Amino acid sequence: LSEVPTLCPLLAKWHHREWGDLTPEWTAEEVLQDLRSHTGTHTIPTTLVALEEGEPLGSASLLPENFAELDAWSPWLASVYVARPYRRRGVGRALVARICEIAVGMGVEHIYLFTVDRASFYLELGWTIEETTTIRDTPVVIMSRVLSVAPDPDPHHDGTGGVRADREPSDPTR
């Protein structure tokens, strides 16, 4: 969002339409103001926008808090939204993965989310169910994910992208 702040009004419209029933006191103008504060690249809060040839496909946010009822957990993956024409193309997965990468880069070890109806999607991505509860009379599932830097699956690499000195590089033509 830091690179395309002109998309704030569109994202605000998406977010308010998608989650306005859960937060009826959250006006469209408040959504817009919140998003305008999410323009850092490696800070919390931040919002990412997936673009394809300049066209916004979806967005996801990393927030310090979500609802007062959920203040025991932080930070939050929130507002993962993909516009209808772009769903089922991996956009949501990519947004979630990138938010997790950013969180790892900031030293975050655990990240949380809640979902009304997408728990199976997040379970497929390695999230764990913490509990089920209600927010404003709406049943939700609270989920978490432990974040860590994955070890390099190739034991011949030195962890920096290079090949360890104790092994000859393979011939790429073989």
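I will try to describe carefully the structure that is included in this document.

Conventions and cut-offs
Residues numbered from 1 in each chain as written. Predicted model: local features only at pLDDT ≥ 70, side-chain atom pairs only at ≥ 80, totals over all residues. Heavy atoms only, no water. Salt bridge = Lys/Arg side-chain N within 4 Å of Asp/Glu carboxyl O. Helix = DSSP H or I, 4+ residues; strand = E, 2+ residues; numbered from the N terminus. Buried < 20%, exposed > 50% of the residue type's maximum accessible area, 1.4 Å probe, protein only.

One pass over the structure, following the stated rule, counts four salt bridges. The partner of Arg93 in a salt bridge is Glu124, with the nearest N and O atoms 2.8 Å apart. Here Glu124 lies in helix α4 (residues 119-124) and Arg93 lies in helix α3 (residues 91-105), a separation of 31 residues in the sequence. Classification of Arg93 as partly exposed rests on a relative accessible area of 38%. Relative accessible area serves as the criterion here: at 57%, Glu124 is assigned to the exposed category. A salt bridge links Glu101 to Arg98, with the nearest nitrogen and oxygen atoms 2.9 Å apart. Of this pair, Glu101 and Arg98 both sit in helix α3, separated by three residues, roughly a single helical turn. We classify Arg98 as partly exposed; its relative accessible area is 37%.

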